[in-house]
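Residues per chain, in single letters:
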Amino acid sequence: MYLGDLPLYIETDAMTDPRRVLADTDAAGLGTRVISAPPFAFPVADAAGVDDYVANFNDALTRACRDSGDRLLGLGLVSLHDPDAARAQMDQIAATDVVRGIAVPPLLGPTSFDVAPMRELLRAAAERDLAVLVHPMQLPRPEWSSYYLVNLIGNPVETATAAASLVLGGVLEELPDLRICMLHGGGCAPALVGRWQHGWEKRADVRSAETRSPREGFAGLWFDTLTHDAAALELLRAHADPSHLMCGSDYPFDMGLPQPLELPHAAGIDDATLERNARRFLGL
């Protein structure tokens, strides 16, 4: 598979065959896996046919989860540019029981969650008690054209940008019941919380949304444990709410971990905690 000219080292049946997904779930020592669209399948285009595409995907996701014997749960898609359509899609998602929320990109064009339409999507999700998963998209930039930097640097930066929009944009204050998860351990964000805090204390423009401090706001976000590094996971734990950490695998991407429990176990996070946190995030 290719994203433009960039090869994606993904075994396609691990993305398309539920039997393979379940076999890999067993091999990873997991009881239940929560699956969503790969980020290159997000409906970021404002074009005709998006609503049909979203409906078809969500129907197929629902069937795969219902046929899995309680082994798979899902996070569906919504029409990102059309909050009215997205509300109707979320109503359908909420009625399934097996699709527990939505997966969205961190950026839509030049904007993130602090402004419309993404802010309206989060409001609708919170009103329906749906979880929100934020997965970066490897947006191309010329300085990241080699060495897979579009992923190795680009993905963490996209995620940190989204986290900043939530923490500094007043979104968490407006939507205190919102459950929104930043993947890959929050990307660069844990290393930047102190910098955001200093800017918030010194600059009026950083405080313009009249938010609580960035340190407090950051604790309102959810995260997976896929940091690829024990020291990075410890840094995340220093800033995050410990009840907001869940086991992430990035399955089946090349940056994923076939044994995703090893990192949280090494940090002293046990299975009972991971399961309890995930159940709370998914509203189970």
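Predicted model, so just to flag it, every value in this text is computed and none were measured.

Cut-offs used in this document
Residues numbered from 1 in each chain as written. Predicted model: local features only at pLDDT ≥ 70, side-chain atom pairs only at ≥ 80, totals over all residues. Heavy atoms only, no water. Helix = DSSP H or I, 4+ residues; strand = E, 2+ residues; numbered from the N terminus. Expected span 1.5 Å × (residues − 1). Buried < 20%, exposed > 50% of the residue type's maximum accessible area, 1.4 Å probe, protein only. Arc of directions from axis to C-beta. Contact = heavy atoms within 4.5 Å. Core = buried A, V, L, I, M, F, W, Y, C linked by side-chain atoms within 4.5 Å. Patch = residues over 30% accessible without salt bridge, like charges linked within 9 Å, V, L, I, M, F, W, Y side chains within 5 Å. Areas by Shrake-Rupley, 256 points an atom, 1.4 Å probe, with all protein chains shown as cover. Salt bridge = Lys/Arg side-chain N within 4 Å of Asp/Glu carboxyl O. Lys, Arg positive; Asp, Glu negative; His and termini not counted. Charge placed at Lys NZ, Arg CZ, Asp CG, Glu CD. Pairing = 2+ DSSP bridges. Axes fitted to C-alpha atoms, helices over the stretch in contact; angles between N-to-C directions.

1. Let's talk about helix α3 (residues 50-66)
Part 1 of the reasoning: Helix length check: α3, at 17 residues, gives a terminal C-alpha distance of 24 Å against a target of 24 Å (1.5 Å per residue), a fit within 8%.
Part 2 of the reasoning: Within the sequence span of α3, burial applies to Val50, Val54, Asn58, Leu61, Thr62, Ala64 and Cys65. One side of α3 holds all its buried residues, which, seen down the axis, span an arc of 160°. Exposed side of α3, more than 90 degrees from the buried face: Asp52, Asn56, Arg63 and Arg66 are the residues found there.
Part 3 of the reasoning: On its buried face, α3 sits against α2 (18-27), β3 (33-36), β4 (72-76), α4 (83-94) and β5 (99-104).

2. What about the nonpolar core?
Proteins that are soluble and globular tend to have nonpolar side chains buried together.
Part 1 of the reasoning: Within the largest apolar cluster, 73 residues are counted, with the highest numbers of intra-cluster contacts made by Ile180 and Leu221.
Part 2 of the reasoning: Not counting residues up to four positions away in its chain, the partners in contact with Leu221 are Ala163, Leu166, Val167, Leu172, Ile180, Met182 and His244.

3. As for a negative patch on the surface
Part 1 of the reasoning: Taken together, the side chains of Asp46, Asp51, Asp52 and Asp82 define an acidic patch exposed on the protein surface.
Part 2 of the reasoning: Relative to the elements of secondary structure, Asp51 occurs in helix α3.

4. A word on the sheet that holds β4
Part 1 of the reasoning: Strand order across the open sheet formed by seven strands is β3-β4-β5-β6-β7-β8-β9, with parallel pairing between neighbours. Both outer strands of the open sheet, β3 and β9 (245-246), are each paired with one neighbouring strand and no more.
Part 2 of the reasoning: Its contacts with the sheet put α3 on β3, β4 and β5, and the angle it makes with β4 is roughly 165°.

5. Some thoughts on unusual backbone geometry
Part 1 of the reasoning: That bond from Ala116 to Pro117 is cis: its omega, 0°, falls within 30 degrees of zero.
Part 2 of the reasoning: Tracing the chain through its elements places Pro117 in the loop between β5 and α5 (118-127).
Part 3 of the reasoning: The amide bond that connects Tyr251 to the next residue, Pro252, takes the cis arrangement and shows omega of 0°.
Part 4 of the reasoning: With respect to the secondary-structure elements, Pro252 resides in the loop between β9 and α12 (262-266).
Part 5 of the reasoning: Backbone geometry places Gln138, a non-glycine residue, at a positive phi of 60°.
Part 6 of the reasoning: By the element assignment, Gln138 lies in the loop between β6 (131-134) and α6 (149-152).
Part 7 of the reasoning: The buried category is assigned to Gln138, whose relative accessible area is 13%.

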